[in-house]
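Structural characterization, general
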Amino acid sequence: MNIIELLKSPWPWYVAGPLIGLTVPVLLLLGNKSFGISSSLRHICAAVIPAGLPFFKYNWRKEAWNLFFVTGIVIGGFVGNFWLGNPDAIVVADDTRQTLSALGVTDFSGLMPADIFAVSNVFTLKGLIFLVFGGFLVGFGTRYAGGCTSGHAIMGLSNLQWPSLVATLSFMIGGFACTHLLLPFFLHFVL
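Residues numbered from 1 in each chain as written. Predicted model: local features only at pLDDT ≥ 70, side-chain atom pairs only at ≥ 80, totals over all residues. Heavy atoms only, no water.

**Describing a nonpolar patch on the surface**
A contiguous nonpolar patch, built from Ile90, Leu111, Met112, Phe117, Val119, Val122, Phe123, Leu125, Leu128, Leu131 and Val132 and spanning about 1,100 Å² of accessible area, is present on the exposed surface. Per element, the largest residue contribution to the nonpolar patch is four residues, and it comes from helix α8 (residues 125-145). Accessibility expressed as a relative area gives 47% for Val132, which makes it partly exposed. (Patch = residues over 30% accessible without salt bridge, like charges linked within 9 Å, V, L, I, M, F, W, Y side chains within 5 Å. Areas by Shrake-Rupley, 256 points an atom, 1.4 Å probe, with all protein chains shown as cover. Salt bridge = Lys/Arg side-chain N within 4 Å of Asp/Glu carboxyl O. Helix = DSSP H or I, 4+ residues; strand = E, 2+ residues; numbered from the N terminus. Buried < 20%, exposed > 50% of the residue type's maximum accessible area, 1.4 Å probe, protein only.)

**Some thoughts on the environment of Val119**
Its place among the elements puts Val119 in the loop between α7 (114-117) and α8. Residues Val119 and Gly147, spaced 28 residues apart in sequence, show a C-alpha to C-alpha distance of 28 Å.

**A look at the UniProt feature "transmembrane region" (unreviewed entry) in the protein chain**
According to UniProt, the "transmembrane region" (unreviewed entry) feature falls on residues 12-30, 64-84, 116-141 and 162-187. With 84% helix and 0% strand, residues 12-30 has its two end C-alpha atoms placed 27 Å apart. Span residues 64-84 is 90% helix and 0% strand, its end C-alpha atoms 28 Å apart. (UniProt positions renumbered as here; feature names shortened; annotations may be inferred.)

**Digging into the nonpolar core**
Val92, Leu100, Leu103, Val105, Phe108, Ile116, Phe130 and Leu187 together form the largest nonpolar core, which totals eight residues. Non-local contacts of Ile116, meaning those with residues more than four positions away in its chain, are made with Val105, Asn121, Lys126, Phe130 and Leu187. Within the second largest apolar cluster, five residues are counted, among which are Cys45, Ala46, Phe56 and Leu67. (Core = buried A, V, L, I, M, F, W, Y, C linked by side-chain atoms within 4.5 Å. Contact = heavy atoms within 4.5 Å.)

Below, the structure is given as C-alpha cells:
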C-alpha cells in the first residue's frame, strides 16, 4: 500500500484518536498553547472588524498561530475532499439507514444527507430550522460553554478541568437528545 492509498482510506480510531490526542502535549510543549477552534472566530473578528467593541479589543496577534492552524484545517479539508477522498461509498449501518429512511432521509451518497443539507434547502423551512437556527444554537452554545467540543473534550479534559467535563457531558447529552427526540420530531411532524 503506497502513501496515497493510505491517506485515502479511513483510519481506525486507535490510530486517529491518539494522533489527535497528541496535539495537546505538542501544543503545550511548543509554547503553552491551548487547542480549540471556536476562539479563532473571535480572533478573526478582532482582526477585521474596525468597530470599537470591548470584546474584540485585545492583542489578537498573540494568537495568530491559531489562525494559521484553522487555515491549515480549511486547506486540509479541501485537499482531503478533492484529491484524497475515499472512493468507497459511505457506510451507514442498516438500522440507521432504515430509521432515517422512515423519516424521509434517503440520500446517503455524501458525508451529509442531501435531503437535509442540500444548497436547495437553504431557503426552505427545513433549511431555516437545520442550517440557520441550528447554526445559531451551535454558535450560542459554544460561546456560552466557553469553547467548542474540540477545546473542551480534547484540551480541557486532558488538563483535568472540571468545567470541561461538565461541558463535554452537556454536549453529549444534548447530542443524544437532539438525535433521538428533536430530529425525529422535526423530520416527521414539522417538515
